[in-house]
Amino acid sequence: GQQVMQIPQYQHVQEGEDFTTYCNSSTTLSNIQWYKQRPGGHPVFLIQLVKSGEVKKQKRLTFQFGEAKKNSSLHITATQTTDVGTYFCAGYSSASKIIFGSGTRLSIRP
Amino acid sequence: ETGVTQSPTHLIKTRGQQVTLRCSSQSGHNTVSWYQQALGQGPQFIFQYYREEENGRGNFPPRFSGLQFPNYSSELNVNALELDDSALYLCASSFGVAGFGDTQYFGPGTRLTVL
């Protein structure tokens, strides 16, 4: 069946360093969403990407959707302690509905 | 806060029992999705309800069932609980036509422990 892989599983960075998480689907997606989940919290919607090759920015966060609509990335520039949490991608397809990646847990050294 | 509420917050059951979890969606939202999140994993889609009808289901057995009410609140029922059912159960509401791609707003979840 369809799979959505996310790497890395963990990332520990110094505050101020950049961070990137990658999401890869085994099949073409209709769209992809990104969520952030703080420890002990629930997923919070960040953004949705729909178009092939789409790039969206939210302040220090940059989201990309691959040309083939099978991969996506989230890049955070100059991380801050408030960025701590687990970042999930969620891929949508008509066949499998929605599949979440396993997440990338970001921790930051002050 | 999203306006999506879930009850109860925590629940402890024993194997073989039945459980009902509840979700009140955000005002104006007509779609509710339920997810199971095991520790350290991403949420797994259980099913979705749109205007009181089931609109898609993930790879969960029939002992996982649900309802959506006219006010768009929802219930998740799990029969014959198994140890592996221990997880955080999340509901998410959205507005729009049936199907995904709409922004989902998650509730705080119900932590279910099966002993």
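First things first, this report covers the structure right here in the doc. (Residues numbered from 1 in each chain as written. Chains lettered and ligands numbered in written order. Predicted model: local features only at pLDDT ≥ 70, side-chain atom pairs only at ≥ 80, totals over all residues. Heavy atoms only, no water.)

It is worth spelling out the state of the cysteines at this point. Within the structure shown, the criterion is met by 2 disulfides over all chains. For A:Cys23, the disulfide goes to A:Cys89, at an S-S distance of 1.9 Å. Residues A:Cys23 and A:Cys89 are joined through a disulfide that is right-handed, its torsion about the S-S bond being 70 degrees. Here A:Cys89 lies in strand S9 (residues 85-93) and A:Cys23 lies in strand S3 (residues 19-25), a separation of 66 residues in the sequence. Each sulfur in the disulfide pair B:Cys23 and B:Cys91 lies 1.9 Å from the other. Because the torsion about its S-S bond is 70 degrees, the bridge between B:Cys23 and B:Cys91 counts as right-handed. Separated by 68 residues along the polypeptide, B:Cys23 in strand S3 (residues 19-24) and B:Cys91 in strand S9 (residues 87-94) bring together distant segments of the chain. Residue B:Cys91 is classed as buried on the basis of its relative accessible area, which comes to 0%. (Disulfide = S-S within 2.5 Å. Helix = DSSP H or I, 4+ residues; strand = E, 2+ residues; numbered from the N terminus. Buried < 20%, exposed > 50% of the residue type's maximum accessible area, 1.4 Å probe, protein only.)

Before going further, it helps to examine the interface of chain B and chain A. By a widespread convention, an interface's size corresponds to the accessible area lost as its parts come together. Taken together, the contacts link 20 residues of chain B with 15 residues of chain A. For the pair chain B and chain A, the two sides together bury roughly 1400 Å², of which 61% comes from carbon and sulfur. Taken together, the connections running from chain B to chain A amount to 0 salt bridges. Counting every contact that joins chain B to chain A gives 4 residue pairs in polar contact (both at pLDDT 80 or more). For the side of chain B that touches chain A, the per-class residue count stands at 8 nonpolar, 11 polar and 1 charged. (Contact = heavy atoms within 4.5 Å. Buried area = accessible area lost by both parts, 1.4 Å probe. Salt bridge = Lys/Arg side-chain N within 4 Å of Asp/Glu carboxyl O. Polar contact = N/O pair within 3.5 Å; in protein donor to acceptor, adjacent residues only side chain to side chain. Nonpolar A, V, L, I, M, F, W, Y, C, P; charged D, E, K, R; others polar.)

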